[in-house]
Amino acid sequence: MPICLQLIHSHSIQVTHQGSSWNNHSSVRMGRGYIVENMVEKYLSNLQAPDSTGASCVTGLFIGQSTSQRDFVVLAVKTPQRNTDGQRSSSISRRAWTSLDQLDVEWVTEHARQVSRMLPGGLSVLGVFLVTLPELSKEAQNALRELIFAVDKHISKGRLLSLTKEDVTEKVTLHICTKTRKAVCRTFDIQDPKSSAKPADWKYQLGVCTSWPALTCSVGLDLLIPMLEMHVLPQDMEKCIKEGLQVWAKQIEVGLCLINGKTLSDETEIVAGQKNAKAVQQTFQVQILTEHPMSTERSTASVKICSGFLILKGMVHCRAYLQNNKPRFKHAAEVIKRDLINTVSSRVEMFLEDNLMEGVDKGSVEQVLPRRVFVSLPGTTPCLCDYMFPDECLSDVSDRLKEMLDCVIPDESIDISQEAITAGHTGLKLKTTPTVDTLPVKPFDHPNKAPDSLKNDYVGVAVAAAIVLLATGISLLYLSI
Amino acid sequence: MISGNILFRLKGSLEFKCQLDTSNEPHIQKAISQTFEDLCSKVKSESLVFSVCNSPVFIWPNKAGRATPECLSQNSPCKDLQQFIRTDDQEILKSSKKKDKRNSSSVVINLSLMSEVTEPGDLSALTLLTGISKHHFLYTSLPMDCVVSLPTSASLLVVCDALVEALCSQLNEMKKVALQHMKGTAMLIPQPFHFFLPDPVGLVTVIYPAGVPDSQLETQRKELHSQFQLPDNRPYLRRANIFHFPDESYKDGYLRNPHVHLKPPALENSKLYLVQGVYSYHHYMQDRVDDNGWGCAYRSLQTICSWFQQQGYSELPVPTHKEIQQSLVDVGDKQRSFVGSRQWIGSIEVSAVLDQLLGVTSKIMFVSQGSELASKGRELANHFVSEGTPIMIGGGVLAHTILGVAWSETTGEIRYLILDPHYTGAEDLQIITDKGWCGWKGPKFWDQNAYYNLCLPQRPKTI
């Protein structure tokens, strides 16, 4: 497959693939098209191998959104340095120049898994990149193949919802040679272990996601999950919660979505077709309605002997983004519901990983799960998110963001106002305006927001800032109780 | 059915979750009561949503009747909802709209019970509460089904309040029934049934425990009969007699009461005396049985059996030809070779089968000549008034079902409402009524010289 290379100027790379397949009898499909944010190009061009630590290559992830026609890449993030406590001696690093054996697949996949938790609905890890010296270019393809399958496998572990047949299963790999700055772009179908590398189109564009519409909602949970007699805490806690969450996720999956108070047919576009590029970024309030399924087989209530119970209760804030080329109602419904399910299951996972459960003998213990905070990365519209444990403070979050996403976010830009800090009746009851990524849009007058509601009024941005300061104080207070 | 009123039917499922810490009875009663009461408060929460079926309308009844689309407000008259509802154009509906003015006056609007998860009443942080306690966990879904009848001018707010109240009172009723039939930790699921009782009572909803057959619920029915002042010889409140909503279709595919779509004959000074209740139309070639030419009496008998089943007198399904033949063998009326044969039966056999399978006795009427049937007006009229069951008539070489008469006391003129089992086509109401397979016939319909036997099934006097 001939590769046509055009060097625009020394810092940029443009790659196109011209398939000689036009004349072939066997129809080779035209590859996927990736539309990539200009900033990604800049980021990639600054990556060098070997890097400052002597590693033979630089790996990283691509983040964006896949649709059936094409894919959008909005962010590239290199794999952070692993704290190996001085295992890398200089002799090893010298050897590393000559092969990719030292490629820490496990670490790349773990980074991918953690980053995928930081993504709002609609965004996912689309692929991986590898920057190497020219000598390693040949090996690079194999390494990328191994990486992309491993990354996807690791991320899908513990996924509550399985993929639908509409989901795009192609993931992208990009190899960049440090000398020529030549980039080779291929995709693999991660559902097919025998998938061969397919060519793909990689095009840079300015402002790929500046006007992507956002969907938001706040969802209340009140799940009672019984623990059967045979289950023992804390070993079986994960199993129990997972089973309970699966039932809940199923209800959400088949639930109805209302956008701005209306349910639309699947193929309706949610953004009234705007041809001009300078479209205003819109935020849509979503409502999710669920129905409890009727079970008609039994004539008596089911009775189970239980040794305990779990109650997952409280509010979570959901956020999702859609690419702005004719986004359809059914995609909107899908991305926001997925975000809801993912944010709940991510937090529960993180909580269990942290193993805060100390073994309860009797009675009950209530623990606060990590709370979701949002950050706006410079240059991209979609907010990313992170989870803050009750004992953490803003600088912990910004440290994590620096490590995971390779970017510096000032503490003030972290929006912690979307979710409350404390539990129960002592919790602050907030309802805030959407975060900084959105331009001020005229408020939607929903029929379901009663003007004389007993609930909260909109809190201005000024107060939100004050709460940021309060948050630190209160989280310290919580610890001391 | 009050014409000019709309029936609002709200169906849905509420999750019932109850923890029983000990197994002593008063505690169990208390825990279950508490769970029902909690459900009652849940039903009053702002996250409750009514979805109007087949329409884009959603109503939040506990937010002062807010609704979407926006053109509906709490003060909109509820008849405004109708314009949003998509109707199916089934042929049955079309033909019934043309011919039957009676049914179209009762409009039913169906609603579903939903919950808005994005309406969190409590905005506090997500927490995980872990509790260690040995207990029995009771879990089920409660099948809610409430009906209210309101004038078309009633506002949405009134409709919402009425439905929410109906939900609460249904939960209360369910609680009573559940507690009443509790055995240890086994709770029978309370199920709502709607009955249309004679004036002035109208539509009522009764809760029965699932799994308990009608035969064991006699005491309950006695109580209800006295409460509603119902005569104690008709099974008004048996499950089979639930009110059939005009918009519901029957799942078994048989046509019900095709006669209601007919225009009564124009007979001077006459009154109509018709079958009471619901029957299914059974005829040749149904159920993949080719009984063309020999099965007419069997089909008439099936129609009669369907009547007894649907009025709650019998829980047996409508018998097949073989089952009918077998029961005649069982009573000694026929040899064993009869089963599987294509032999005809007459009204005597019909009454024997009704007795054997359903415990129903019948009166036999005999006329030596078909022409005499014209003079049987009074007797037939009396039958339809007191028993109201379909009549099987056999004579000549044919069997038919008489569903009613139009009879003038003064002139003696008579017309017979006939359901013809000789029809071999599909369940097409249009054809059946247009071509007279169910239709009004005059006295000349009968073979004037043949003799006829009529089987008049008698209603059992029971509740």
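Residues numbered from 1 in each chain as written. Chains lettered and ligands numbered in written order. Predicted model: local features only at pLDDT ≥ 70, side-chain atom pairs only at ≥ 80, totals over all residues. Heavy atoms only, no water.

Considering the overall build of chain B
Thought 1: Within chain B, the secondary structure is distributed over 10 helices and 15 strands.
Thought 2: Overall, the C-alpha framework of chain B stretches about 90 × 55 × 40 Å when taken along its three principal axes.
Thought 3: Each of the 463 residues in chain B was classed as buried or not, and the buried ones make up 53%.
Thought 4: Contacts in chain B between residues at least 24 apart in sequence constitute 70% of all its contacts with a sequence separation of at least 6.
Thought 5: When the accessible surface of chain B is summed, it comes to about 20800 Å², and 50% of that surface belongs to carbon and sulfur atoms. (Helix = DSSP H or I, 4+ residues; strand = E, 2+ residues; numbered from the N terminus. Buried < 20%, exposed > 50% of the residue type's maximum accessible area, 1.4 Å probe, protein only. Contact = heavy atoms within 4.5 Å. Areas by Shrake-Rupley, 256 points an atom, 1.4 Å probe, with all protein chains shown as cover.)

Notes on the domain arrangement of chain B
Thought 1: Segmenting chain B into domains produces domain 1 (5-241) and domain 2 (258-457).
Thought 2: Here domain 1 of chain B and domain 2 of chain B have C-alpha centroids that lie 39 Å from each other. (Domains from an automatic or database assignment.)

Comments concerning the nonpolar core
Thought 1: Ranked by internal contacts, the top residues of the largest apolar core, which has 56 residues, are Ile345, Leu354, Val405 and Leu454 of chain B.
Thought 2: Counting residues per element, this core draws most heavily on helix H6 (residues 296-310) of chain B, at 8 residues.
Thought 3: What Leu454 of chain B contacts, discounting residues up to four positions off in sequence, is Ser347, Lys363, Ile364, Met365, Leu373, Leu380, Ile391, Met392, Ile393 and Ile402 of chain B.
Thought 4: In this structure, Ala301 of chain A together with Cys40, Cys146 and Cys160 of chain B belong to the second largest nonpolar core, which totals 51 residues. (Core = buried A, V, L, I, M, F, W, Y, C linked by side-chain atoms within 4.5 Å.)

Concerning the pattern of salt bridges
Thought 1: Here the structure, examined in full by the defined rule, presents 38 salt bridges over all chains.
Thought 2: Where Arg117 of chain A meets Glu353 of chain A, a salt bridge forms, and the shortest distance between an N and an O atom there is 2.8 Å. With Arg117 of chain A in the loop between helix H3 (105-116) and strand S6 (124-132) and Glu353 of chain A in helix H6 (residues 329-354), this pair connects stretches of sequence that are 236 residues apart.
Thought 3: In this structure Arg117 of chain A comes out as buried when scored by relative accessible area, which is 10%.
Thought 4: Residue class for Glu353 of chain A comes out partly exposed when judged on its relative accessible area of 42%.
Thought 5: Between Lys376 of chain B and Glu379 of chain B there is a salt bridge, with its nearest N and O atoms 3.7 Å apart.
Thought 6: Exposure remark for Lys376 of chain B: the relative accessible area of 16% places this residue in the buried category.
Thought 7: When salt bridges with common partners are traced through the structure, they connect Glu110, Arg113, Arg117, Glu349 and Glu353 of chain A into a single cluster. (Salt bridge = Lys/Arg side-chain N within 4 Å of Asp/Glu carboxyl O.)

What to know about the interface of chain A and chain B
Thought 1: With 73 residues of chain A at the interface, the matching set in chain B holds 51 residues.
Thought 2: Here chain A meets chain B over a buried area of about 5700 Å², counting both sides, of which 60% is carbon and sulfur.
Thought 3: Linking chain A with chain B are 1 salt bridge.
Thought 4: Taking the shortest distance from any N to any O, the salt bridge between Lys134 of chain B and Glu229 of chain A comes out at 3.5 Å.
Thought 5: Applying the counting rule to chain A against chain B returns 23 residue pairs in polar contact (both at pLDDT 80 or more).
Thought 6: Elements that contribute at least two residues to the side of chain A that touches chain B include exactly strand S10 (214-228), helix H5 (237-253), strand S11 (256-259), strand S12 (283-290), strand S13 (302-321), H6 and strand S14 (363-368) of chain A. (Buried area = accessible area lost by both parts, 1.4 Å probe. Polar contact = N/O pair within 3.5 Å; in protein donor to acceptor, adjacent residues only side chain to side chain.)

Structural notes on unusual backbone geometry
Thought 1: Along the chain, Thr68 of chain B connects to Pro69 of chain B via a cis peptide bond; the corresponding omega equals 5°.
Thought 2: Within the secondary structure layout, Pro69 of chain B lies in the loop between strand S4 (66-68) and helix H2 (91-99).
Thought 3: In this chain, Asp199 of chain B is followed by Pro200 of chain B through a cis amide linkage whose omega measures 5°.
Thought 4: Along the chain, Pro200 of chain B turns up in the loop between strand S7 (190-197) and strand S8 (202-209).
Thought 5: A positive phi angle, near 55°, is found at Lys326 of chain A, a position not held by glycine.
Thought 6: In this structure, Lys326 of chain A sits in the loop between S13 and H6.
Thought 7: Residue classification places Lys326 of chain A among the partly exposed positions, given a relative accessible area of 47%.
Thought 8: Although it is not a glycine, Asn257 of chain B sits at a positive phi angle of roughly 40°.
Thought 9: Note that Asn257 of chain B resides in the loop between helix H5 (218-227) and strand S9 (271-274).

Structural notes on the pairing of strand S16 (residues 383-388) of chain A
Residue and element names in this part refer to chain A.
Thought 1: In terms of residue burial, S16 counts as a mostly covered element, since 6 of its 6 residues are buried.
Thought 2: By the alternation rule, side chains of S16 split into Cys383, Cys385 and Tyr387 and Leu384, Asp386 and Met388, which are all buried.
Thought 3: Taken together, the 6 bridges between strand S15 (residues 371-376) and S16 define a ladder with antiparallel strand orientation. Counted as the bridge partner of Ser376 is Cys383 from S16.
Thought 4: Where S15 folds back on S16, the antiparallel hairpin that results is connected by 6 residues, among which Gly379 adopts a positive phi of roughly 95°. (Pairing = 2+ DSSP bridges.)

Quick notes on the pairing of strand S9 (residues 198-205) of chain A
Residue and element names in this part refer to chain A.
Thought 1: Pairing of strand S3 (residues 32-37) with S9, which is carried by 6 bridges, proceeds in the parallel orientation. Bridging from a neighbouring strand, Ile35 pairs with Lys203 of S9.
Thought 2: Two strands pair when backbone bridges link them, and strand S8 (residues 183-189) and S9 are joined in this way by 2 bridges, in the antiparallel orientation. Of the residues in S9, the one forming a bridge with Thr187 is Lys198.

What about H5 of chain A?
Thought 1: In this model, H5 of chain A (17 residues) spans 24 Å end to end at C-alpha, consistent with the 24 Å of a helix rising 1.5 Å per residue.
Thought 2: For H5 of chain A, the full list of buried residues reads Met237, Cys240, Ile241, Gly244, Leu245, Trp248, Ala249, Gln251 and Ile252 of chain A. All buried residues of H5 of chain A project into a common sector of 165° when viewed along the axis, lining one side. Opposite the packed face of H5 of chain A, turned more than 90 degrees from it, sit the exposed residues Val247 and Lys250 of chain A.
Thought 3: On its buried face, H5 of chain A sits against S10, S12, S13 and H6 of chain A together with strand S6 (127-151) of chain B. (Expected span 1.5 Å × (residues − 1). Arc of directions from axis to C-beta.)

Description of the sheet that holds S16 of chain A
Residues and elements named next belong to chain A.
Thought 1: A sheet is described by the order of its strands in space; here 3 strands give the open sequence S16-S15-S17, paired in antiparallel fashion. What marks the edges here is a single partner per strand, and that holds for S16 and strand S17 (414-415).
Thought 2: The strands touched by helix H7 (residues 394-405) within the sheet are S15, S16 and S17, with S16 carrying the most contacts at an inclination of about 125°. (Axes fitted to C-alpha atoms, helices over the stretch in contact; angles between N-to-C directions.)

Describing the environment of Glu315 of chain B
Thought 1: Here Glu315 of chain B lies in the loop between H6 and helix H7 (321-330).
Thought 2: Along the sequence, Glu315 of chain B and Val353 of chain B sit 38 residues apart, while their C-alpha atoms lie 15 Å from each other.

Description of the environment of Val348 of chain A
Residue and element names in this part refer to chain A.
Thought 1: By the element assignment, Val348 lies in helix H6.
Thought 2: With relative accessibility at 6%, the residue Val348 sits in the buried group.
Thought 3: In the structure, Val348 is positioned 107 residues away from Ile241 in sequence and 8.3 Å away in space, judged by C-alpha atoms.

Let's talk about H5 of chain B
Residues and elements named next belong to chain B.
Thought 1: Along H5, the residues classified as buried are Gln220, Arg221, Leu224 and His225. Looking straight down H5, one finds its buried side chains confined to an arc of 135°; they lie on one side. Those residues of H5 that are exposed and aimed more than 90 degrees away from the buried face are Thr219, Lys222, Glu223 and Ser226.
Thought 2: The inward-facing, buried residues of H5 contact helix H4 (156-180) and S8.
Thought 3: Gln229, located one to two residues past H5, shows a positive phi value of around 55°.

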